[in-house]
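Examining the three-dimensional arrangement
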Amino acid sequence: MTAGTTATPGDPESPSATGHDATGHDVVVLAGGGARRLGGADKPALSVGGRPLLDRVLGACRGAVRTVVVGGRRPTARPVLWAREDPPGGGPLAALDAGMRRLAQGPAPVPGPEPDVVLVLSADLPFLGGATVRGLVAALDRSGREGVLLVDADGRDQPLVAAYRPEPLRRELALLATEYGTLAGLPLRLLTHELDLARTGADPLASFDCDTWADITAARSLIREHGNVLDEWITAVKDELGIELDVDTKALLDLARDAAHGVARPAAPLTTFLVGYAAAVSSAGGGGPEAVAEATRKATALALRWAAEAEEAADGERADEG
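Below is a summary of the structure that appears in this document. Computed from a prediction, not measured in an experiment: that's the story for all the values here.

**Re the packing of aromatic side chains**
Taken as a whole and judged by the stated rule, the model has one aromatic pair. Geometrically, the ring pair formed by phenylalanine 127 and phenylalanine 208 is edge-to-face, given 5.6 Å between the ring centres and 75 degrees between the ring planes. With phenylalanine 127 in the loop between strand E6 (117-122) and helix H3 (130-143) and phenylalanine 208 in the loop between strand E9 (197-200) and helix H6 (213-223), this pair connects stretches of sequence that are 81 residues apart. Judged by relative accessible area, phenylalanine 127 falls into the buried class, the value being 12%.

Dropping the structure here:
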């Protein structure tokens with residue numbers, strides 16, 4: 001960011017778009033392209049589970065040191081750095097080159113050295129999760145190679161769900177630009193064929209991408225399946241509220257059940273709200289997820305005491321009637 005300018009959330013150009021963690025990796029998200037199979041729709045903005053596809057990908061990359069999005073600028077759920085391929089819509093190699101150049105411009109990581117891993121992701125991966133991102137980084141560290149590609153359930157390489165070493169990536173992009181005169185319109189395989197790559201598997205849905213309206217419909221349906229819907233809803237709510245917190249869903253559901261059965265049905269949502277409020281107050285002093293767990297424990301114990309008293313009273317009434 002140039003001196004005297006101010007970055008705003010979702011449209012930043014500042015160190016607030018960076019955040020250091022032990023994995024030490026950057027991320028480049030490719031969010032351009034014409035989306036011809038979607039009739040030219042703004043694909044990164046399409047909603048799956050109430051969240052734009054781009055925000056879903058960004059949510060999986062919270063541990064990145066720096067995140068660059070290559071494509072048209074737009075509001076995002078968390079701060080990022082922006083780049084644009086030349087020409088716009090020039091294809092994945094031109095977009096990747098723009099993203100790598102943006103990383104080279106800075107800001108430098110604070111604290112720590114330049115990351116030695118860059119994740120390259122497309123912006124249309126509704127089921128990409130943090131576990132897959134961490135798995136790619138770990139696989140690259142173990143491999144000793146220049147990159148690691150995710151392999152999908154059909155055994156196909158996914159070069160836009162991958163982790164690379166930055167220097168080999170820059171080297172091959174520069175060589176291709178010299179050889180062809182431009183990177184615009186070139187296929188991604190020209191790059192991957194020149195790199196020493198390993199492969200790794202992951203959740204079969206991690207590489208599910210949305211190229212057509214049928215894909216969007218399928219993704220929206222999968223979101224609402226019984227085994228997914230609660231986790232998806234909680235993630236969506238956390239993103240909407242701008243909070244990062246591990247939630248013990250089972251413990252909170254058990255608390256709601258105990259409050260409903262031991263006190264009264266309306267006590268369930270009211271109790272979980274109060275637990276959240278208590279955790280927030282405690283977290284101001286550094287409580288975090290532990291504060292939620294402790295508040296849940298206390299409220300659950302209280303609900304069980306209420307239930308026990310109600311049962312004792314019922315037993316007494318039955319004894320009197322006898």
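**Looking at the environment of proline 289**
Position of proline 289 relative to the elements: it lies in helix H10 (residues 289-321). For proline 289, a relative accessible area of 37% puts it in the partly exposed group. It is 6.3 Å that separates the C-alpha atoms of proline 289 and leucine 245, two residues lying 44 residues apart in sequence. The residues touching proline 289, leaving out its near neighbours within four places in the chain, are Leu245 and Asp246.

**Structural notes on the pairing of strand E7 (residues 147-151)**
The element E7 is extensively covered by neighbouring structure, given that four of its five residues are classed as buried. Bridge analysis of E7 against strand E8 (residues 157-164) gives five bridges, and the strand direction is antiparallel. Note on E8: the bridge partner recorded for leucine 149 is alanine 162. Bridging between E7 and E9 involves four bridges; their strand directions are parallel. The partner of leucine 150 across the bridge, within E9, is threonine 200.

**Considerations on helix H8 (residues 249-262)**
Taking 1.5 Å of rise per residue, the 14 residues of H8 would be expected to cover 20 Å, and the 20 Å separating its terminal C-alpha atoms lies within 8% of that figure. Among all positions in H8, only Thr249, Leu255, Ala256, Asp258, Ala259, Ala260 and Gly262 are buried.

**A short note on the side chain of threonine 212**
Take threonine 212: it is sitting in the loop between E9 and H6. Here threonine 212 falls in the buried class, since its relative accessible area comes to 16%.

**Re the pairing of E8**
Where E6 and E8 come together, four bridges link them in antiparallel fashion. Each residue of the ladder has a partner; that of valine 118, found in E8, is tyrosine 164. Where E7 hands over to E8, the hairpin turn is made up of five residues, of which glycine 155 adopts a positive phi near 85 degrees.

**Notes on the sheet that holds E9**
Strand order in the open sheet formed by seven strands is E5-E4-E1-E6-E8-E7-E9, and the pairing between neighbours is mixed. One side of each edge strand has no neighbouring strand; the edge strands of this open sheet are strand E5 (81-83) and E9. Each strand axis lies, on average, 25 degrees off the axis of its neighbour in the sheet, ignoring direction. Running at roughly 135 degrees to E7, H3 makes contact with strand E1 (25-30), E6, E7, E8 and E9 of the sheet. The strands touched by helix H4 (residues 166-180) are E6 and E8; relative to E6, the strand with the most contacts, the crossing angle is about 60 degrees.

Conventions used here
Residues numbered from 1 in each chain as written. Predicted model: local features only at pLDDT ≥ 70, side-chain atom pairs only at ≥ 80, totals over all residues. Heavy atoms only, no water. Phe/Tyr/Trp six-rings, centres within 6.5 Å; stacked < 30°, edge-to-face > 60°. Helix = DSSP H or I, 4+ residues; strand = E, 2+ residues; numbered from the N terminus. Buried < 20%, exposed > 50% of the residue type's maximum accessible area, 1.4 Å probe, protein only. Contact = heavy atoms within 4.5 Å. Pairing = 2+ DSSP bridges. Expected span 1.5 Å × (residues − 1). Axes fitted to C-alpha atoms, helices over the stretch in contact; angles between N-to-C directions.

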